[in-house]
Amino acid sequence: MFSYTTAIVVIVLGGILIFWLMRNRNKAKRPQPTVDARNDPQKTVIPRDKHPVSRRNISDNALKVINRLNSQGYEAYLVGGCVRDLYLDLHPKDFDVATNASPEEVRKLFRNSRLIGRRFKLVHVLFGREMIEVATFRAQHEQHHGQDKSHHSESGRILRDNVYGTMEDDAMRRDFTVNALYYDGRDFSVVDFCNGVDDIRTGTLRLIGDPVTRYHEDPVRMLRAIRFAAKLNFTMAPETEQPVRELGHLLRDIPSARLFDEILKLLQSGHGVRTFELLREYQLFAPLFPATDHSLNEALAQQDQQTPALIIESLKSTDRRVKQHRPVTPAFLFAALLWSPMKRLAQELMDQGIPPIPAFQQAAMTVITNQCHHTSIPRRFSMMVRDIWDLQARLERRQPKLIESLMEHPKFRAAYDFLVLREQSGENLSGAGQWWTDIQEVDDHGRFSMVRELSSQIASQGAQKKPGIKRRRRRRKPHSPDSGND
Ligand code: ATP
Ligand code: MG
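A quick note: this is a predicted structure, and the numbers were derived from the prediction, not measured.

Caption draft 1: Representation of the pairing of strand 3 (residues 96–99). As paired elements, strand 2 (residues 76–79) and strand 3 share four bridges and run antiparallel to each other. Opposite Tyr-77, over in strand 3, you have Ala-98 as the bridge partner. Here four bridges tie strand 3 to strand 6 (residues 130–136), and the two strands are oriented parallel to one another. Its bridge partner lying in strand 6, Val-97 is registered against Val-134.

Structure follows, in C-alpha cells:
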C-alpha cells in the first residue's frame, strides 16, 4: 500500500516537472515579435509579481467597470495610455477600457452611461466628474477591405474604421507598442502582444506595423509620436522616426478641428517647450503654423532672438501653470505663436500708408483667418487673441485716465501676462510691464500716487518736447495710435 501511494506521488510530481520543463523550453524557443508585429502577434502575459502596475493607482471606477463586465461573462481590460503610464509610475490622465461586449451591451450594463459615436461608436460611463471610456475590440481595416465599414482616402488615410475584432486585432490597430498593453482585473496581469513592455523598459516609441503605411492611415500619429517622446522622454525607434520628416505634408489633409484638439494636447500638457522643439526638429511645426514657422526661419536667419524667445517664454509659462494645476487658455498660446506674423503684416500695411490702428486690426484679422485654414481656432479663443493684442498698445501707453478702466477690462489679466512675456523675451517696453505689476500690488492710495506721478511725468515729457509752446487740450479716442506696438 505504502509503495503504491509513493509511486503515484512520484508519477504526479514527475508529470508536473516534465510539463514545467516543456513549457519553459517552448518559451525559450519562441521567436521574438518583429517590428511588424501585426503579421505575427505574440501574446505574452506578465503576471502580477513581474510588473509594477498596482491596483492602488487605478481609479476605483475603472476597476468597477472591468469587474462588472467580467462578472457578466465579457472580457474587459484597461488599455492604452493608462497602462503605459502606470507602468512608468506616472498618473494616468484617464482610464480607457477595451472589451468584447458590443457598445449596446455595455450601455445596457451601466445605467450611468451613454453611447457616443463621432469617429467610432464608444460608451462613456459616468461617475460624477470621472468618465471611463469603454470601446469594443476593433480590428485592422485591411482585413476588411472592400467592406462598407472601412474607408480610405486616396492618400491611404482611414476615414472610418468601426470594424469589430478580437483582442489581438485590437492591439495591432493601436499606434505604438507601449500603447498596446492590457491590464486584466481578474488576475492583475498585463497582456502584451507587441513587445510593448520591452519598449517601455528601454524608453522606445515604436509604431506597430509598417510606419509609412501607418502614418498614411493617420498622419496625426506623427504628432502623437512627438507628444509621447516629449512627455515620456522616450526616443523614437529608427524606423518610426525616419519617415516623419518626409510625411509632415500629410497633416494638411487632417480636419482643422482635429488639429486644434491635438495642438492643445501637444502644447498644454506640461511639456510644451520640449514638444515645440521636437515639432520644429521633425518639420511638423510648419504644417501646423506655417506663418509662425516662416517668421521663426526669418528670425533665425537675421539672428533675431525675440521671436523664438516669446514663443518659448509663453510655453514655459504654460508648462509652469500646468504643473501647478492652474488654468491655461489656448488664446494665450495662440496670441504668442501668431504675434510675430501679425506684427510683420501690420508693418507691411503701415509701409503702404495705412495708419497704425487699422493696420494692426487688419493684420490681426488676416493672420487669424489664415491660421484657421490649418488649425481651427474656436471663436471664443480667436476673440480673446484679438483682445490680448488690442490691449497691448493701451497697456504700453498707460494713459492716466484709462488706467482704472483698463484694469477692469475682462481680458486685462491675460493681456498683462502677455505684456510681461514680451518684456521677458527682450522687447523694450520702457518698463511698462513692471509698472503694471506694481500698480496691481499697491492699495488705493498707492495707486492714486502712481497715476499722479505718471501724469506729471507725461506732462514734463510733453513740456520738454515742446518748449515754450502751450499744449492745446485735444480730445483723443481711447484707441489712439500707438507706436510702441511695433
Ligand atoms: P494620453 O496620456 O495623452 O491620454 P493615450 O495613449 O491614452 O495618451 P489617447 O488619445 O487617450 O492617448 O488614446 C488612447 C489609446 O488609443 C492609445 O493609447 C492608443 O492605444 C489608441 N490610439 C489613440 N489614437 C490612436 C491613433 N491615432 N492610432 C492608433 N491608435 C490610437
Ligand atoms: Mg488616454
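Having put the structure on the table, let's press on.
Caption draft 2: Structural view of the site of ligand 1. With respect to spatial proximity, 17 residues lie near ligand 1, and among them Arg-84, Lys-93, Asp-218, Arg-221 and Arg-227 are the closest. Lys-93 places a polar side-chain atom, nitrogen or oxygen, 2.8 Å from an oxygen atom of ligand 1. At a separation of 2.8 Å, a nitrogen atom of ligand 1 approaches a polar side-chain atom of Asp-218. Ranked by residues supplied to the shell around ligand 1, first place goes to helix 8 (residues 220–232) with five residues. Across the shell around ligand 1, the residue classes break down as one nonpolar, three polar and 13 charged.

Caption draft 3: Highlighting the packing of aromatic side chains. Tallying each qualifying case throughout the model produces 15 aromatic pairs. Taken together, a centroid distance of 6.0 Å and an interplanar angle of 90 degrees make the contact between Tyr-182 and Phe-193 edge-to-face. With Tyr-182 in strand 9 (residues 181–184) and Phe-193 in the loop between strand 10 (190–192) and helix 6 (196–202), the pair connects residues that are 11 residues apart, well separated along the chain. For the pair formed by Tyr-182 and Phe-193, the shared burial category is buried. With a centroid separation of 5.1 Å and an interplanar angle of 90 degrees, the aromatic rings of Trp-435 and Trp-436 are classed as edge-to-face. As far as burial versus exposure is concerned, Trp-435 and Trp-436 are alike and both buried. An aromatic cluster is defined as three or more aromatic residues linked by ring pairs; in this entry it consists of Phe-260, Phe-276, Phe-285, Phe-289, Phe-334 and Phe-381. The ring of Phe-188 carries Arg-55 above its face, with NZ or CZ at 4.0 Å from the centroid. The ring of Phe-110 has Arg-68 lying over it, and the distance from NZ or CZ to the ring centre is 5.2 Å.

Criteria and thresholds
- Residues numbered from 1 in each chain as written.
- Chains lettered and ligands numbered in written order.
- Predicted model: local features only at pLDDT ≥ 70, side-chain atom pairs only at ≥ 80, totals over all residues.
- Heavy atoms only, no water.
- Pairing = 2+ DSSP bridges.
- Helix = DSSP H or I, 4+ residues; strand = E, 2+ residues; numbered from the N terminus.
- Near = heavy atom within 4 Å.
- Polar contact = N/O pair within 3.5 Å; in protein donor to acceptor, adjacent residues only side chain to side chain.
- Nonpolar A, V, L, I, M, F, W, Y, C, P; charged D, E, K, R; others polar.
- Phe/Tyr/Trp six-rings, centres within 6.5 Å; stacked < 30°, edge-to-face > 60°.
- Buried < 20%, exposed > 50% of the residue type's maximum accessible area, 1.4 Å probe, protein only.
- Lys NZ or Arg CZ within 6 Å of the ring centre and 35° of its normal.

These results come straight from atomic positions and should not be treated as a statement about function.
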